[in-house]
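# Structural overview
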Amino acid sequence: MERPDELTRTADEPLDLAPRPQVDAALAAAIYRSHFASATEATPTVVELPGERDRTFRIDLDGRPAFVLKVAGPVEDRDLLVAQNDAMRHLAARSTDLAVPTPVAARDGRTIVEASDASGVERLVRCLSWLPGTPLAFAATDRDDSDLARSVGVAAGEVSRALADFHATPFARPFQWDVTRAWELVARHRGAVERPDRRALLDRWLIASAPVAAGVGALPRSVVHNDANDHNVLVEDGRVVGLIDFGDMVESVAIAEASVAVAYAMLDARDPLAVAAAVIDGFLSVRPVSTAEREAILPLAVARLALSAALSAYQQRRQPANPYLAISEAPVWEALERLDGVVFDAPRAPSDLLARRRRRLGPSLSFAYADPLTILLGRGAYLYDDHARRYLDGVNNVCHVGHAHPRVVAAGAGQMARLNTNTRYLHPLVVAYAERLTALLPAPLDVCYFVNSGSEANELALRLSRAATGRRDVAVLAGAYHGNTSSLVDISPYKFDGPGGAGRPDHVHVAPLPDAYRGVHPIGTTDLAAWYAERLTDVLAEATAQARPVGAFIVESLPGAAGQIVFPEGYLGRAYAAARSAGAIVIADEVQVGFGRVGSEVWGFELDAGAVPDIVTLGKPIGNGHPLGAVVTTRAIADAFANGMEYFSTFGGNPVSAAIGLAVLDVMRDEALQANALAMGTLLLERLRDLSASTSRIGDVRGAGLFIGVELVRDRDTRTPAATEATGVVEAAKAAGVLLSTDGPDHNVVKIKPPLVVGEREVERLLAALARGLAKIART
């Protein structure tokens, strides 16, 4: 990467280097009073607004916005400002539906005056009318609303039509925001982008879009407003009513007006290509263009986004103190990543992908939805399909710290580029990771084994327990699921009692599931924890009476496949004690709920104070999607396992996995994700319980942190499972852009287990999708 002093510019690009005027609100008020205020006018209130090059202030009179005062930077000369004023007047005269600012004359009749800034430099100053309306970026509107998107296109079309016969020499200038220069400037400034993956994205775009660059010079030209971004487009009642900020006007290809509008309308839309289509439709309804121009709109929109990303990185190097330069950075990069390869040379899934999968992958593999999704990208709490549609991931408890977290990706890639071996060699990362992991667990859990998955972890845990006790029999809970190997399917009632299952093997002993809502306890039972612990004691005693004493009690700290169950308070401690009294080792299966998902604690078993297992198994979130698992146990059990037979896993405990595991722990700590799980989980549970009051279909809401189940029933009195309805809710949520799933023995529990990076915005989205789904099934 180039150093900042190696970043180049040319004489036609001074905008990023020019110092902004030194003007604060007090000085702006003084300038306004000196030149524009009437003699009888009240004292104004002045508020600074964000800006790239100018200093811009809102002038409030009598508590209401009245004017905008713009103090120009040194690169905006008088001729250019005159041309901008003329363009505003021209548009105001031509457009009846779209409001634009108009210049306000000073007391001496001029619309451009001079005033000194705090450093004594003379600046050009204008006063413009204030327009009512809310910037689209801050409006409480659905960015996927096709009518709103079409309104954006209509507004851009009106501007383009009105400017078709407008000419002004100052706009015929080399200008960095001219989209036709995107290829030149992205290539020049890509080195300012710090992340290698993002530089590579820009490089792919440069190559793939080269044919567009070659043909852009033949398109018709015009003066364009060139900045219909979501901070400059004003909306009221779901439609565009105004357009502000004429500082980026330039003579360019006429169709750039549509492309810029499309580029910014796509930001934060769930279905950006559908939004783009609506904007284009609106534009063409007002401003018909040639086929070549129409075909260039979307490619040039992506060019604008690429230009914005590169220039933002470059300008922030030069002006790190100006937050406005990063105002659209995050959504622009997100849009580019989503559109990467979709608009140009798409890796979109071939139409026969489903048929090919069915030919080559086993038929036991299932799909999440009736209409399978093709997912090509993950970022944070979101997944993106082959049409760049965005889905909130409400069910993936694997990508714990967010999909493709850059620190985790960098840790894995960096170590992979350096070394990847196995535990027959010493390596500091593997030991460091074991130390970090055991430090999170209570004593005496202090010995680690590293594996590749939660299934392998549970498999090894069974071997450890058998080596320590000499017993093969296992006690489990009804509805339990512990993994996909043969021995784990044998101890998983969710599997052996389900379709295709062979029933309970003789060495497996099943205790009732402590389900407070639909469990087998008698009605009126007051101490559920004690009642279910006694049933486990009975099962263990019966196994001993049959000369099959149990050697291991394996239990999910919060059962997932059984229906997102939260145990009655005190159950785990009593169950652990009962198992130990019977001579069994306690295995806590934390594969789904470990690492802070429950919010108040790091581990699910810690929800029951004092409950400490003998073995803990870890998987899923441990590597944020990287195949990693772990078993943590006591020194005594580890010593019993060391019976002369070597334990070795080719990939278990490799340095790459250790680097990734450490990065996950670092991100959890630095981003306070356990605290976020508690806060967002508490909010979500509260809102879900509020939602349950509005529908009889919700029988129970339960959970801890971001491990939540919503059980649907057909009748609250009989608690009859509503499996078909639960599937309908999940499908409706998917249509609304939220991915959920069902679980439980009757498949009537909507499970919610998002990455821990979700915020209030995601919680609201999830709730809205659930409400939509519940409303839909209520009508059927």
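Right, let's talk about the overall build of the chain for a bit. On a plain count of helices and strands, the chain comes out with 23 helices and 27 strands. For the chain, the C-alpha atoms occupy an extent of roughly 105 × 60 × 55 Å along the three principal directions. Taking all 780 residues of the chain together, 55% fall into the buried category. In the chain, the share of contacts with a sequence separation of at least 24, taken over all contacts with a separation of at least 6, comes to 73%. Between the mean site of the 79 positive side-chain charges and the mean site of the 95 negative ones, the chain shows a separation of 3 Å.

This part covers the pairing of strand β18 (residues 550-556). In terms of residue burial, β18 counts as a mostly covered element, since seven of its seven residues are buried. Pairing of strand β16 (residues 473-477) with β18, which is carried by three bridges, proceeds in the parallel orientation. Its bridge partner being in β18, D473 is matched across the sheet by V550. Pairing between β18 and strand β19 (residues 585-589): five bridges, direction parallel. Bridge pairing in β19 places A552 opposite I585.

Turning next to the pairing of strand β22 (residues 698-704). Among the seven residues of β22, six are classified as buried, and the element is accordingly described as predominantly covered. Hairpin geometry of β22 and strand β23 (residues 707-715) is characterised by an intervening segment of two residues between the two adjacent antiparallel strands and by a positive phi of about 60° at G705.

A word on the sheet that holds β16. Backbone hydrogen bonds hold the strands of a sheet together, and the pairing may be parallel or antiparallel. The strand order β15-β21-β20-β19-β18-β16-β17 describes an open sheet built from seven strands, whose pairing is mixed. Each having just a single partner strand, β15 (447-451) and β17 (508-511) make up the two edges of the open sheet. In this sheet, adjacent strand axes meet at a mean angle of 20° when their direction is disregarded. Relative to strand β20 (residues 615-618), β19 runs parallel, the two being bridged by three bridges. Within β20, the residue paired with D589 across the bridge is T617. Lying on the sheet, helix α14 (residues 454-469) is in contact with β15, β16, β18, β19, β20 and β21 (629-633); it crosses β20 at an angle near 165°. Strands in contact with helix α18 (residues 571-581) are β16, β18 and β19; relative to β18, the strand with the most contacts, it is inclined by about 165°.

With that out of the way, let us pick up the packing of aromatic side chains. Applying the stated rule across the entire model yields twelve aromatic pairs. Here the aromatic rings of Y32 and F36 are separated by 6.4 Å at their centres, their planes lie at 20°, and the arrangement is stacked. Judged by relative accessible area, Y32 falls into the buried class, the value being 1%. Cluster of aromatic residues (ring-pair linked, three or more members): Y32, F36 and F67. R270 extends its terminal NZ or CZ atom over the ring of Y391, reaching a point 5.2 Å from the ring centre. Directly above the ring of F648 sits R424, whose terminal nitrogen or CZ lies 3.7 Å from the centroid.

The omega angle of the peptide bond from A443 to P444 is 5°, so this bond is cis rather than trans. If you trace the backbone, P444 turns up in the loop between α13 (428-439) and β15. Backbone geometry at N226 places phi at a positive 75°, although glycine is not the residue there. Looking at the secondary structure, you find N226 in the loop between β8 (221-224) and β9 (233-236). Assessed through its relative accessible area of 0%, N226 is described here as buried. Within the chain, Q564 stands out as a residue other than glycine whose phi angle is a positive 55°.

Relative to the elements of secondary structure, A192 occurs in the loop between α4 (182-189) and α5 (196-208). Residue class for A192 comes out buried when judged on its relative accessible area of 3%.

Taken in spatial order, the four strands make up an open sheet running β12-β13-β14-β25, and their pairing is mixed. The open sheet is flanked by β12 (375-379) and β25 (738-739), the only strands paired with a single partner. In terms of strand pairing, strand β13 (residues 382-385) meets strand β14 (residues 390-393) through three bridges, oriented antiparallel. Bridging from a neighbouring strand, L383 pairs with Y391 of β14. The strands that helix α10 (residues 329-339) touches are β12, β13 and β14; relative to β12, the one it contacts most, it runs at about 160°.

Definitions and cut-offs
- Residues numbered from 1 in each chain as written.
- Predicted model: local features only at pLDDT ≥ 70, side-chain atom pairs only at ≥ 80, totals over all residues.
- Heavy atoms only, no water.
- Helix = DSSP H or I, 4+ residues; strand = E, 2+ residues; numbered from the N terminus.
- Buried < 20%, exposed > 50% of the residue type's maximum accessible area, 1.4 Å probe, protein only.
- Contact = heavy atoms within 4.5 Å.
- Lys, Arg positive; Asp, Glu negative; His and termini not counted.
- Charge placed at Lys NZ, Arg CZ, Asp CG, Glu CD.
- Pairing = 2+ DSSP bridges.
- Axes fitted to C-alpha atoms, helices over the stretch in contact; angles between N-to-C directions.
- Phe/Tyr/Trp six-rings, centres within 6.5 Å; stacked < 30°, edge-to-face > 60°.
- Lys NZ or Arg CZ within 6 Å of the ring centre and 35° of its normal.

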